[in-house]
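Below, each chain spelled out in residue letters.
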Amino acid sequence: MYFEILLPLKLGWTPTYSSGENLTRGQRVRVSFAHREYIGVVLSEKDKVPLDPSRIQPVLGTVEGLPAIGEKELELWEFISEYYLCSLGEVYRAAYPQTKTKSELVLSRKGTASAENGKAYTCKGCVNVAPPKPEVVIGYTRVDRYVKEAAGVLDKGYDVLILVPETALGDTLEKTLKKEFKERLSLYNSRRTAARRREVADKVRSDEPVVVLGTRSSLFLPFRKLGLVIVDEEQDPSFKQTEPNPRYNGRDTAVMLARLHNSGIILGTSSPSFETLLNIQTGKYRTFGDNLPAGYNCTVIDLQAEKRKNGVRGDFSFILAEMIRECEGTVCIVRGWEKEEDILEQAGTMFPGKDTVIATQSSVLNGNATYDLIAILQADAMFDRTDFRSDEKAAHFLTRIAGKAGRIVIQTAKADHPVFGLVSGKTGSGPLMEERKDFRLPPYFRLVDVIIDDANPKRLKMFSGILSERLPGAIRLDRDNMVIFRITLNNGSKAAYEKAAVRETVSGIEEGYRYYGHIHIDVDPV
């Protein structure tokens, strides 16, 4: 008998091996490839092989103690491979990195492995009805919705997966969930040891329902009774894997995971991504509670106008300085291009004895502290001309910190920028969305970046020239030791064919010139 065996390698084909045993799809086996031994996954049995049977290597043996890969896992891997234009082996390697597999083997030898070792399993108890539309929950009280829905799903015997973009952002959420779900809450992130992560995997394989709070890697857990997926702060760009392959978006992959399991999906946010906004507008997603925030307690100070009136001292306008003096509580001053020591010196002189905190954008965003007033000294530092998403990211940042303060004050040289109109509730997202449409950008169009990364200038010049010829119409973006070719695709059925053509072009160059490891494809870059 002959079987296709998936290996944790970037290959454009699936190797075939022979075995005298009747292997099942998902079973893990030991095989040799290029004089090295690997643990592979059985994909399918083959009736015929194009090679001389004597040239086909045998399977070295099954792997005792390792649970089989479930059908839903394999289907998710296949989706990621097809959509994000990477090999199935790269997805396998991401889902089961070498350290994870070694840990499983060690634990199995200690007798702590899952009771279903080596056996293929199916999704037991999956909901057999069409899943509802993804639900978008907007606002700072969305966690109440998470808890209510998760409790109902647990009571029915199903698992719940709650995704956060970064481990640090899950700390506050963990405290709330722990009060409600106690020992039924499990954490899955890079802080946890390999043994702890394996325990979580065993829990989701068991019959007992569990709530998993984790980062995007938890999407690869072997769920078999998944009833609800929740993505918190769905707009956060940290959900996107930037390198290495697979360069997948955790939010969008979570939506597909829920669809595969026919489970519910909730996207929680303080400020929806433009992709989610478009899905709401077109009826693909539904909202719970208030549709969109009407605006926040926000004051925008026009620095250019204040400078013309000599109303600025150092980095502080007179208007902002007066607001800080009048504030009776704690003030957080968020710096941009300014040096921290300069701001500290100015604050000490202008606001002696005042309870002020100097912070960066990331520190105020990721911290748990709240303030009576948050002042953005130079909001223009948030805008990057080379990043078409910088307007959206700035809006998300301001909206998120608005929940940490009674009032936010923004100093800017671009007071009429539509981002500030969105945050203050004067204009909404319309102008920014229309700009995206006019310039053929997401969410109305799709982007694919083909990236050449090579420290050798001659090779970089040569192969970027070849790609320029083979990708007509692509926009070329030159970076240090890197060239990016940005391709715009229409949304719709043709996008899949156009993406496949890009993949074939890259594979042709890699194989024709034996130029491996330098060209990468990034679908839906953020």
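Rules and cut-offs
Residues numbered from 1 in each chain as written. Predicted model: local features only at pLDDT ≥ 70, side-chain atom pairs only at ≥ 80, totals over all residues. Heavy atoms only, no water. Helix = DSSP H or I, 4+ residues; strand = E, 2+ residues; numbered from the N terminus. Rg over C-alpha atoms; globule rule 2.2 N^0.38 Å. Buried < 20%, exposed > 50% of the residue type's maximum accessible area, 1.4 Å probe, protein only. Contact = heavy atoms within 4.5 Å. Areas by Shrake-Rupley, 256 points an atom, 1.4 Å probe, with all protein chains shown as cover. Pairing = 2+ DSSP bridges. Patch = residues over 30% accessible without salt bridge, like charges linked within 9 Å, V, L, I, M, F, W, Y side chains within 5 Å. Salt bridge = Lys/Arg side-chain N within 4 Å of Asp/Glu carboxyl O. Lys, Arg positive; Asp, Glu negative; His and termini not counted. Charge placed at Lys NZ, Arg CZ, Asp CG, Glu CD. Polar contact = N/O pair within 3.5 Å; in protein donor to acceptor, adjacent residues only side chain to side chain. Core = buried A, V, L, I, M, F, W, Y, C linked by side-chain atoms within 4.5 Å. Axes fitted to C-alpha atoms, helices over the stretch in contact; angles between N-to-C directions. Parallel < 35°, antiparallel > 145°, perpendicular 65-115°, else oblique. Phe/Tyr/Trp six-rings, centres within 6.5 Å; stacked < 30°, edge-to-face > 60°. Right-handed = clockwise from strand over helix to strand, strands pointing away.

Draft legend 1. Main features of the overall build of the protein chain. For the protein chain, the count of helices and strands is 17 helices and 23 strands. Computed over the C-alpha atoms, the radius of gyration of the protein chain is 26 Å, within 12% of the 24 Å expected from 2.2 N^0.38 for a compact globule of 526 residues. Along the first, second and third principal axes, the C-alpha atoms of the protein chain reach 85 × 60 × 45 Å. Out of the 526 residues in the protein chain, the part that is buried amounts to 53%. In the protein chain, the share of contacts with a sequence separation of at least 24, taken over all contacts with a separation of at least 6, comes to 74%. Roughly 24,800 Å² of accessible area belongs to the protein chain as shown, and the carbon and sulfur atoms make up 49% of that amount.

Draft legend 2. Representation of the pairing of strand 10 (residues 226-231). Burial runs high along strand 10: six of the six residues are buried. By the bridge criterion, five bridges tie strand 7 (residues 159-163) to strand 10 in an arrangement that is parallel. Bridging across to strand 10, V160 finds its partner in L228. Relative to strand 11 (residues 264-269), strand 10 runs parallel, the two sharing four bridges. In the sheet register, L228 faces strand 11, and the bridge partner there is G264.

Draft legend 3. Seen up close, a negative patch on the surface. Residues E340, E341, D342 and E345 make up a contiguous surface patch of negative charge. Checked against the element boundaries, E340 lands in helix 11 (residues 340-350).

Draft legend 4. Highlighting the sheet that holds strand 1 (residues 2-6). Taken in spatial order, the five strands make up an open sheet running 2-1-4-3-5, and their pairing is antiparallel. Two strands lie at the open edges of the sheet, namely strand 2 (16-18) and strand 5 (61-62), each paired on one side alone. Relative to strand 5, strand 3 (residues 28-33) runs antiparallel, the two sharing two bridges. Across the sheet, the residue bridging to V29 is T62, located in strand 5.

Draft legend 5. Examining the environment of Y371 more closely. Among the structural elements, Y371 can be located in the loop between helix 12 (361-366) and strand 18 (373-376). The buried category is assigned to Y371, whose relative accessible area is 15%. When the C-alpha positions of Y371 and D524 are compared, they lie 36 Å apart, and in sequence the two are 153 residues distant. Setting aside residues no more than four positions away along its own chain, Y371 makes contact with T330, V331, C332, V357, V364, K404, A405 and G406.

Draft legend 6. Region of interest: helix 7 (residues 250-260). Of all the eleven residues making up helix 7, nine are buried; the element is thus mostly covered by neighbouring parts of the structure. Of all the positions in helix 7, only G250, R251, T253, A254, V255, M256, L257, A258 and L260 are classed as buried. Looking at the buried side of helix 7, the elements it contacts are helix 1 (71-83), strand 7, strand 10, strand 11 and helix 8 (274-281). Two to three positions downstream of the cap, the backbone nitrogen of R251 sits 2.9 Å from a side-chain oxygen, assigning the N-cap of helix 7 to N249. Backbone geometry just after helix 7 places N262 at a positive phi near 55°.

Draft legend 7. Expanded view of the nonpolar core. Membership of the largest hydrophobic core comes to 69 residues, with the highest contact counts inside it found for W77, L161, V212 and V450. Residues A359, Y371, I376 and Y444 belong to the second largest nonpolar core, which totals 32 residues.

Draft legend 8. Representation of the packing of helix 8 against helix 15 (residues 430-438) in the model. Here helix 8 crosses helix 15 at 95°, and the two axes come no closer than 12 Å. Taken together, the axis directions place helix 8 and helix 15 in an arrangement best described as roughly perpendicular. Where helix 8 approaches helix 15, its residues F274, L277, L278 and Q281 are matched on the opposing element by L432, M433 and R436.

Draft legend 9. Local environment of the packing of aromatic side chains. Counting across every chain of the model gives twelve aromatic pairs. Between the aromatic rings of W77 and Y96, the centroid separation amounts to 6.0 Å while the plane-to-plane angle is 65°, which identifies the pairing as edge-to-face. Of this pair, W77 sits in helix 1 while Y96 sits in the loop between helix 2 (88-95) and helix 3 (98-109), placing them 19 residues apart in sequence. For the pair formed by W77 and Y96, the shared burial category is buried. Here the aromatic residues W77, Y92 and Y96 are joined through ring pairs into a cluster of three or more.

Draft legend 10. The arrangement of the pairing of strand 16 (residues 331-334) in detail. Residue alternation in strand 16 divides its side chains into two sets, V331 and I333 and C332 and V334, and both sets are buried. Strand direction decides the pairing type here: strand 16 and strand 17 (residues 356-359), joined by four bridges, are parallel. Counterpart to I333 in the pairing with strand 17 is I358. As a crossover connection, the stretch from strand 16 through helix 11 into strand 17 is right-handed. The sheet contact formed by strand 16 and strand 18 spans four bridges and is parallel.

Draft legend 11. Local environment of the sheet that holds strand 21 (residues 475-479). Here we have four strands laid out as an open sheet, ordered 21-22-20-23, and antiparallel in their pairing. If you trace the sheet from one side to the other, it starts and ends with strand 21 and strand 23 (519-523), each paired once. Taken pair by pair, the neighbouring strands of this sheet meet at an average axis angle of 20°, ignoring direction. Judged from the five bridges that link them, strand 21 and strand 22 (residues 482-490) form a sheet pairing that is antiparallel. If you follow R476 over to strand 22, its bridge partner there is F485. Sheet strands touched by helix 17 (residues 494-513): strand 20 (445-453), strand 22 and strand 23. Its angle to strand 23, the strand with the most contacts, is close to 170°.

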